[in-house]
Amino acid sequence: MAAITLGALSVSGAVMAQDDYPSKPIKLVVPYGTGGVSDTMGRLTATALSKVLNQTVVVENRGGAGGTLGAAVVAKAAPDGYTLLLTSPPMVAVTPALLKGMSYDTSKDFTMVGTMATTPNVLVVNNDVPAKSIVELVNYAKGAGKGKLSFASAGPGSTGHLSGHILQTSTGIDMQHIPYKSSGLAFPDVISGRVTMVFDSLPSTIGHVRSGKVRPILVMSEKRSSLLPDVPTAIETGFPSATMNFWVGIEGPAGMPKQVVDKLNAALKVAVASKEMRDQMSFLGAEPYFTTPAEFTALRQADVVKYGKLVKDMGLKQD
């Protein structure tokens, strides 16, 4: 009887703890350094969630190894909802396909909470390139520009590198890949004409587009971006396979209680719907993209398969 009573009290206490969630500050791990797009999105989300949950959400940067160092911290944390991870396709789908001997399983060691934004990859070209659409670029690449085109990316295995490969496969054109340590280092060479074009996320690109330093000719999302309404998608231009959706979401350690996950997801929904967060995302070049835990889980699993196959097909080296 004593054991039964203690067991009942333990279960009751756990339920009460979930009901009181969050009763202390929440840590949101951003698996990248400060100052980048992920860091900015993490801090924006943390501020919005703090207001909705009436509890402090603190950002902790744990950069390194393509996001896997920060992810490992969260994978090993207690599944109580007080340690969360800012996540995106490169970290959960691309890097695990490139690295061997990781300390966690990206498909089993996390609980999906939801997404809050999408930041489509954009193809921009040097202003002197005689092409104002992807169709014109393809024709140029197969004609006068054959053997002359190059594209920059933030390095092997980056979404820019994968985007370039997807476009080449979809259109049948040849381009030389020029890897950089970051997309920020690539833009000066694209602007000057040393490199023909670059594939990068809209937040990293929008400033250069707004200043007229580069010309956008394609967004690689399924729908047009409201920030670049005149730039068509790959689907619209006849290359439906040249599509890459880049989302930003939140997840936690495996085994989080459903009640806690649902409360966090509900808070995320309110935060994403707020005018303040939408305005700030628009300024950054991101767009609201909310999903339920089930929708996020399906999206994430599909990307793990998709990008894993893409990395393998490209023959990228695994370290």
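Description of the structure in this document. (Residues numbered from 1 in each chain as written. Predicted model: local features only at pLDDT ≥ 70, side-chain atom pairs only at ≥ 80, totals over all residues. Heavy atoms only, no water.)

**Some details on the overall build of the chain**
Then, in step 1: Helix and strand counts for the chain come out as 11 helices and 11 strands.
Then, in step 2: Expressed along its principal axes, the backbone C-alpha trace of the chain runs to roughly 85 × 40 × 30 Å.
Then, in step 3: For the chain, the residues scored as buried account for 51% of the 319 residues in total.
Then, in step 4: Here the analysis covers contacts within the chain between residues at least 6 apart in sequence; of these, 77% occur between residues at least 24 apart.
Then, in step 5: Total accessible area on the chain stands at roughly 14300 Å², and carbon and sulfur atoms take up 56% of it.
Then, in step 6: Across the chain, the 29 positively charged side chains and the 24 negatively charged ones have centroids separated by 4 Å. (Helix = DSSP H or I, 4+ residues; strand = E, 2+ residues; numbered from the N terminus. Buried < 20%, exposed > 50% of the residue type's maximum accessible area, 1.4 Å probe, protein only. Contact = heavy atoms within 4.5 Å. Areas by Shrake-Rupley, 256 points an atom, 1.4 Å probe, with all protein chains shown as cover. Lys, Arg positive; Asp, Glu negative; His and termini not counted. Charge placed at Lys NZ, Arg CZ, Asp CG, Glu CD.)

**As for the side chain of T68**
Then, in step 1: Counting through the fold element by element, T68 comes out in helix α3 (residues 68-75).
Then, in step 2: Excluding anything up to four places from it in sequence, T68 contacts T95, L99, M102 and Y104.

**A few points about the packing of aromatic side chains**
Then, in step 1: Counted according to the given criterion, the structure contains four aromatic pairs.
Then, in step 2: Taking the centre distance of 5.1 Å and the plane angle of 65° together, the rings of Y21 and Y82 count as edge-to-face. Residue Y21 is found in the loop between α1 (2-19) and β1 (26-30), and its partner Y82 is found in the loop between α3 and β3 (83-87); the two are separated by 61 residues along the sequence.
Then, in step 3: Given a relative accessible area of 11%, Y82 falls into the buried group.
Then, in step 4: Between F151 and F199 the ring centres are 5.6 Å apart and the planes differ by 90°, which places this aromatic pair in the edge-to-face class. With F151 in strand β6 (residues 150-153) and F199 in strand β8 (residues 197-201), this pair connects stretches of sequence that are 48 residues apart.
Then, in step 5: For F151, a relative accessible area of 1% corresponds to the buried category.
Then, in step 6: Sitting over the ring of Y82, K24 keeps its end group 4.7 Å from the ring centre. (Phe/Tyr/Trp six-rings, centres within 6.5 Å; stacked < 30°, edge-to-face > 60°. Lys NZ or Arg CZ within 6 Å of the ring centre and 35° of its normal.)

**Considering the sheet that holds β8**
Then, in step 1: Taken together, the five strands give an open sheet; going across it, the order is β7-β6-β8-β5-β9, and neighbouring strands pair in mixed fashion. What marks the edges here is a single partner per strand, and that holds for β7 (176-179) and β9 (214-219). On average, each strand axis in the sheet is inclined to that of its neighbour by 30°, with strand direction left out of account.
Then, in step 2: Direction of pairing for β6 relative to β8: parallel, over a ladder of two bridges. Considered in β8, the bridge of A152 is made with V198.
Then, in step 3: Sheet strands touched by helix α6 (residues 159-171): β5 (121-126), β6, β7, β8 and β9. Its angle to β6, the strand with the most contacts, is close to 150°.
Then, in step 4: On the sheet, helix α8 (residues 202-210) packs against β5, β8 and β9 and is oriented at approximately 125° with respect to β8. (Pairing = 2+ DSSP bridges. Axes fitted to C-alpha atoms, helices over the stretch in contact; angles between N-to-C directions.)

**A word on the packing of α8 against helix α10 (residues 275-284)**
Then, in step 1: Between α8 and α10, whose axes approach to 8 Å, the crossing angle comes to 65°. With respect to each other, α8 and α10 are oriented roughly perpendicular. Within the contact between the two elements, α8 uses L202, P203, I206 and R210 and α10 uses S282, F283 and L284.
Then, in step 2: Taken together, the residues of the contact of α8 with α10 break down into five nonpolar, one polar and one charged. (Parallel < 35°, antiparallel > 145°, perpendicular 65-115°, else oblique. Nonpolar A, V, L, I, M, F, W, Y, C, P; charged D, E, K, R; others polar.)

**A few points about the sheet that holds strand β11 (residues 287-288)**
Then, in step 1: The six strands lie next to each other as β2-β1-β3-β10-β4-β11, forming an open sheet whose pairing is mixed. At either end of the open sheet lies a strand with only one pairing partner, and these are β2 (57-61) and β11.
Then, in step 2: Both β1 and β2 contribute to a ladder of five bridges, which runs parallel. Bridging from a neighbouring strand, V30 pairs with N61 of β2.
Then, in step 3: Contacting β1, β3, β4 (110-118), β10 (247-253) and β11, helix α9 (residues 258-273) crosses the sheet at an angle of about 5° to β4.
Then, in step 4: Its contacts with the sheet put helix α11 (residues 293-314) on β3, β4 and β10, and the angle it makes with β4 is roughly 90°.

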